[in-house]
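Chain by chain, the residues run as shown.
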Amino acid sequence: MKKTSKILGRILLGVLIIALIGASAGLFYFKSYLTNTVAKESFPQIEGDIQVEGLEGQVDVYRDQMGIPHIYASTSHDLFFAQGYVHAQERFWQMDAWRHIGSGELSEMFGNGQVETDAFLRTLGWRKTAEAEWEQLGPESQAILQAYTDGVNAYLKDHSDTALSLEYAVLGLLSPDYVIEPWEPVHSLTWGKAMAWDLRGNMGEEIERAELLKTLTPEQVALLYPEYPKDHPVIVNEIPVAGQTSMVKTDLGLSTFDYSSALEATAYNASLLDPMLGALGDGIGSNSWAVSGELTDTGMPYLANDPHLGIQMPSIWFQVGLHCIERSEDCPFEVAGFSFAGVPGVVIGHNDKIAWGFTNVGPDVMDLYIEKVNPENPNQYEVNGEWVDFESYEETINVVGGESVTITVRKTRHGPVISETYGALKNEGDPEDEEFIAFKDRVGVDLPEQYVIALSWTALTPSTPFEAIWGLDQAQNWEEFRTAASNFHVPAQNLLYADVEGNIGYQMPGDIPIRKNGDGTLPVPGWTDEYEWTGFIPFEELPYAFNPDEGYIVTANNQVNPWDYPYLITKDWDYGYRAQRIVDMIETAPDKIDKAYIQSMQGDATDLSAQGILPIWDEINYQAANSNEAYALDLLQKWDFTCQADSQACAVYQWFWWNLDQNTLNDDLPEKNWVSGGSKDFETFRLLLPEPENFFWDDKTTANVVETRNDIFITSLTETVSQLEKEYGNNPAKWPRWGDLHTATFRNGTLGESGVSLIEDLFNRGPFPTGGGQSIVNATGWDLGTSFEIDWLPSMRMIVDMGNLNNSLTVHTTGQSGHAYHPHYADMAPLWADVSYYPMWWDQESIIDDAEGHLILKP
C-alpha cells in the first residue's frame, strides 16, 4: 500500500505539472509515465514458481502465444482455484466493475453519479436473488465457487491498486477513498443476472407497442412489429408433443392504457444500465450451426458459433483450458473454450467428447403489470378487489467520498415496482387532454386513478445458469448434455451440440411462462388473476432436435419452434435474415464443407434486405437529376449486395437505407421511438414495398401532398447524394468505402467514455475498419440514426472440428489481457476485424510447443 500511495502521489504531481505548464510536453510526459511505468506493474507473472496458500497440490499454467492459459491440476479444487487466480491476474478491474454492477454498488467505486443506476439495480434485487441462489446450491457447486473465490483472493492478498490494473491509478484520482474488497461467491452469481438482463427479451418492445397504440391503429402497429415470416427458417421443424392443444391465448380483452408517464419512467430506468451492459439492439443475439459428417470433408461434424454482444474493452470473454491431469470422479474436467472473468468453468467450448455453442432464444420471460394503487393509502395495491400491502424494504447505497443514500424498494406479487422515480404518485392521464379522451374512447377502458408498473421476470427467481454450465463442461454424450441443459433456467439459450461420435443436436432450455391470457406483447392489468402465469413449459416439451434429416442445424435468434407448436415462446423473434443466409450457404456449398468454407460463412457480408429493396428502382424508372445521382444509382444497381470493408457501393447503399428507413417511418412515430434499422425494419419494408400507396409512405410533415413509395425512394437518394457531397466533396471517387464509415472502437466500459481524452486514450483501442452490418451473418451492428460505428458485434468466433479437436479455430475481439499496454491487450482486434483465426489448442503437446510462459503454482 505504501508503494501504491507513492505511485498515486506521483500521478497527482504529474497532473499538477500539466496544469502548471499547460503544454503538450507536460501531457506527453505524464502519459508516458503512466504507460511505461505504472501500467507495467499490473502485468501478470507467467513464468517461474509462485507459492500460493490454499492449494492442495501443484498447478501448471501454460500460456500460448496468444496469451491463453491452459491450466493443469490434480483436483477440481485446485483447477478452479487456479482459474480464479489467473482471472484475477489478467482481468481483475473488469471483475471488480462487474461485481459492483451485479450488486448495485457502482457508487462505491465511482461516486454520486451512479446513485440512480444503483437504485434501479437494488430495485431489481440481483444481489438478493444471488444470495438466495448460493443458499440453494448443492455442496459440489458451492465447492466450485468457493475454490474459485479462494483463488481470486489469494491473488488479491499480494496485489492491490495499480498492481492489479492501471485503471486503479485513475480511480485513485476520482475516488481516493475506494477500498478493494475481497471476492465473494455471490459476486460470481450476480453476473448471471447481468447476462440475463443483457439478453432480456422483449420488455422494450412491450413498452414501445403500448406507446405507439396511442397514435397508430393496431393494424399499423402490426406492420411495425410483423409476424415472423413463413418463408424464413425455423430451428426445429417438428417436435412430438403428444396430447397438447394450443396454450396461446392472445385475446387480452383490452387494447392498452394511457400509461405513458409510467412507461417513460420504466424505459428510462432500464436505460440506466446501457452504459455498463450495452443497449439491447436488434442484432444482439448470435449465430451457430452444426453440420453433420455427411456434408463435411472429414466425415465428422463441425460446430460453429459467434455470439453477438455489445462492443467493449476488454473482451467479455476470457479463453481458457481446464484440464484434470487424471480424469476421475473427484476431478472430472477436461474442457477448453470461453469463460467469463469472475465465474468458474467454461461457458462455450468443448471437452474431450462433445462441443456446444450458444445463441440467444430471446423468449418472452418478462411481463409488465399495471398495479392499481389505493388513492387513500399509497402503501397498498389491489388484488382481485381487495387492497393488500406492498412488500417494502430499505436499501442503503454507500457513496464513495459522499453521504449514503437510502431508498425504499416496493414489490407486488408480480415483482419489483420499476416505474417509480421515488417521487409522489400522480394521476397518469390528463382528463382534459383531447388525445387522451380520444384514446380512452377508442380502447374503452376505465383507467386506474393511480398506478405503478411492476416487473415479473424469471431471472428474479433464484436459479443460476452456472450449474448447467458446469454440467455441460462434464457431459460426455447427448443424454448428459440434455440433463445439464435442463438446469439452464435463464437466460434461455439455443444450445447447439456436436460430438466425436458424429452426432449433432439442439436443445432449447429455460423457464418459459405459460400465460392464462395474453401474448406478452403489452403491459397487462395486475389487479386481476386473468393475466397470471400458470406455470412453465415442461422441459421435455421444449423444442429439441437430434441428427435431423437435413444434416445440419442453424440457430440465429430466428423462430425456434415449428409452426404447429402449442406453446408461446415469444412474438418477438429476430426475423431470420441471418438464418436464411446461413441455410442458403450450407445448401449451396460447392463441395464438401471444410473449415475454410465455414470461415467464409462467418465472414459473409451479404445483405439480404438490399436484395428486396433495390429492385424497386426498376419499377420507378427514375432519371437521375445530375451526374452524381446517376453515379450513385448505377453503383447501387450493379452492386453484388455484399458489405465488405472495401465496398463503396455498400457505403452508398447503407447511407441510402438510413435515409429511406427514417423518411418512411419516423414522421409517424414519436421521437423516442424513431427507427434504428435491423431485421424488424427489414421485414416491415418487405411488407410495405408491394404497397406503394401505404399509409407509411406519406410524409406527414408536408402539407397538401400525399407521397408514395416512389417519392420516398427518390427523396432518399437525393438526400444521400447531397450528404455525401457535403461530407466528402463532389468527386464521387473520394466518397467513402464501407470500412471508412463502419469501424469498431473498443472502449473501456467504465473509464473509456469519461469525456477526458487523456483517460480514454489510455484504455480505448481503434478504430478498426470492418465489413458486415445489421442482420448480416457477419453481424457488426450499428444504430441507424446515430452512427455507422459498430455498437454490437460477434464477440468471438469459434469453429470446432469434431474429427480432430486440436484443429479447431477461434478468435475473440480484443485480447486475453485486461491490462492496457500489455502485448495481449488488443492483439486479437486486427484478426477479428479481418475475420482471421488462431489455433484453439487442445493436445498438451501442442500447447507446450506453443507456450510463451509456464507458471507453476505451488502450495
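Predicted, not measured: the structure shown is a model, and the values here were computed from it.

Asker: Give me the layout of surface pockets: which residues, what numbers.
Answerer: There is about 560 Å³ of room inside the second largest pocket. Of all the elements in the fold, those that place two or more residues in the lining of the second largest pocket are helix H3 (76-103), helix H7 (139-158), helix H15 (465-474) and helix H16 (478-485). The biggest single contributor to the lining of the second largest pocket is H7, with 5 residues. Taken together, the residues that form the lining of the second largest pocket break down as 9 nonpolar, 8 polar and 6 charged.

Asker: Could you give an account of the state of the cysteines, naming the residues involved and the relevant values?
Answerer: Using the criterion set out here, one finds 2 disulfides in the structure. A sulfur-sulfur distance of 2.0 Å marks the disulfide that ties cysteine 324 to cysteine 331. Note on the cysteine 324 and cysteine 331 pair: the S-S dihedral is about -85 degrees, so by sign convention the disulfide is left-handed. You'll find cysteine 324 and cysteine 331 in the same group, each marked buried. With its bonded cysteines labelled in order along the sequence, the protein chain shows the pairing 1-2, 3-4.

Asker: Please provide a residue-by-residue account of the packing of H3 against helix H8 (residues 167-174), values included.
Answerer: In a packed pair of helices, the relevant descriptors are the angle between the two axes and the axis-to-axis distance. Between H3 and H8, the least distance of the axes is 11 Å, while the angle of their chain directions is 40 degrees. With respect to their mutual orientation, H3 and H8 come out oblique. Residues Phe92, Trp93 and Asp96 of H3 lie in contact with H8, whose contacting residues are Glu167, Tyr168 and Leu171. Residues belonging to the contact of H3 with H8 are distributed by class as follows: 4 nonpolar, no polar and 2 charged.

Asker: So what's going on with the sheet that holds strand E3 (residues 69-73)? Which residues, and what values?
Answerer: Reading across the sheet, the 11 strands line up as E1-E30-E2-E3-E6-E7-E8-E9-E16-E17-E21 and stay open at both edges, with mixed pairing between neighbours. Each having just a single partner strand, strand E1 (48-51) and strand E21 (544-546) make up the two edges of the open sheet. Along the sheet, successive strands turn relative to each other by an average axial angle of 15 degrees, direction set aside. Direction of pairing for strand E8 (residues 348-351) relative to strand E9 (residues 354-360): antiparallel, over a ladder of 2 bridges. Of the residues in E9, the one forming a bridge with glycine 349 is tryptophan 356. Contacts from H3 reach E1, strand E2 (59-64), E3, strand E6 (318-324), strand E7 (334-339) and strand E30 (851-858), with the element oriented near 160 degrees to E6.

Asker: Tell me about the pattern of salt bridges, and please be specific about residues and values.
Answerer: Inspection of the entire model under this criterion finds 29 salt bridges. The closest approach of N and O atoms between lysine 858 and aspartate 49, which form a salt bridge, is 3.1 Å. Pair noted here: lysine 858 is in strand E30 and aspartate 49 is in strand E1, with a separation of 809 residues, a long-range link. Among the salt bridges present, the one from glutamate 532 reaches arginine 413, with a minimum N-O distance of 3.7 Å. With glutamate 532 in the loop between strand E19 (524-525) and strand E20 (533-536) and arginine 413 in the loop between strand E14 (405-411) and helix H14 (434-443), this residue pair connects regions lying 119 residues apart in the sequence. For glutamate 532, a relative accessible area of 18% corresponds to the buried category. Residues joined by salt bridges that share partners form a network here, namely Arg127, Glu131 and Glu184.

Asker: Describe the confidence of the model for the protein chain, and please don't skip the residues or the numbers.
Answerer: Per-chain confidence: the protein chain averages 90 in pLDDT, with 88% of residues scoring 70 or above. Counting contacts from residues 242-257, a segment whose pLDDT is below 50, to residues more than four positions away or on other chains yields 42 contacts. Below pLDDT 50 for its whole length, residues 421-431 participates in 22 contacts with residues either more than four positions away or in separate chains.

Asker: Which residues make up helix H23 (residues 679-688), and what are the values?
Answerer: Of all 10 residues in H23, 8 are buried, a share of seventy percent or more. Considering only its buried residues, H23 is in contact with helix H10 (203-212), helix H11 (218-224), helix H17 (577-587), helix H19 (608-613) and helix H22 (648-665).

Asker: I'd like to hear about the packing of aromatic side chains, residue by residue, with values.
Answerer: Across all of its chains, the model carries 45 aromatic pairs by this definition. Ring centres of tryptophan 197 and tryptophan 457 lie 5.7 Å apart, and the angle between their planes is 70 degrees; on these two criteria the pair is classed as edge-to-face. With tryptophan 197 in helix H9 (residues 185-198) and tryptophan 457 in strand E15 (residues 451-457), this pair connects stretches of sequence that are 260 residues apart. Across the pair, exposure class does not vary: tryptophan 197 and tryptophan 457 are buried alike. Chaining the aromatic ring pairs together yields one cluster made of Tyr577, Trp617, Tyr622, Trp639, Phe641, Tyr653, Phe656, Trp657, Phe682, Phe685, Trp697 and Phe713.

Asker: Can you break down unusual backbone geometry residue by residue, with the values?
Answerer: In the segment running from methionine 313 into proline 314, the intervening peptide bond is cis, with an omega of -5 degrees. In this structure, proline 314 sits in the loop between strand E5 (302-310) and E6. The peptide bond linking glycine 766 to proline 767 adopts the cis configuration, its omega dihedral lying at 10 degrees. Structurally, proline 767 is set in strand E24 (residues 765-769). Positive phi outside glycine occurs at asparagine 384, with the angle close to 50 degrees. Mapping asparagine 384 onto the fold places it in the loop between strand E11 (380-383) and strand E12 (386-389). Assessed through its relative accessible area of 42%, asparagine 384 is described here as partly exposed. The phi dihedral of tyrosine 821 falls on the positive side, at around 75 degrees, and the residue is not glycine. You can see tyrosine 821 is positioned in the loop between strand E28 (809-812) and helix H27 (829-833).

Rules used throughout
Residues numbered from 1 in each chain as written. Predicted model: local features only at pLDDT ≥ 70, side-chain atom pairs only at ≥ 80, totals over all residues. Heavy atoms only, no water. 1 Å grid on protein atoms, 1.4 Å probe; cavity = no way out; pocket = protein on both sides within 12 Å on 5 of 7 lines; lining within 4 Å. Points joined across faces, edges and corners; volume = space filled by probe spheres on them. Helix = DSSP H or I, 4+ residues; strand = E, 2+ residues; numbered from the N terminus. Nonpolar A, V, L, I, M, F, W, Y, C, P; charged D, E, K, R; others polar. Disulfide = S-S within 2.5 Å. Buried < 20%, exposed > 50% of the residue type's maximum accessible area, 1.4 Å probe, protein only. Axes fitted to C-alpha atoms, helices over the stretch in contact; angles between N-to-C directions. Parallel < 35°, antiparallel > 145°, perpendicular 65-115°, else oblique. Contact = heavy atoms within 4.5 Å. Pairing = 2+ DSSP bridges. Salt bridge = Lys/Arg side-chain N within 4 Å of Asp/Glu carboxyl O. pLDDT = per-residue confidence, 0-100. Phe/Tyr/Trp six-rings, centres within 6.5 Å; stacked < 30°, edge-to-face > 60°.

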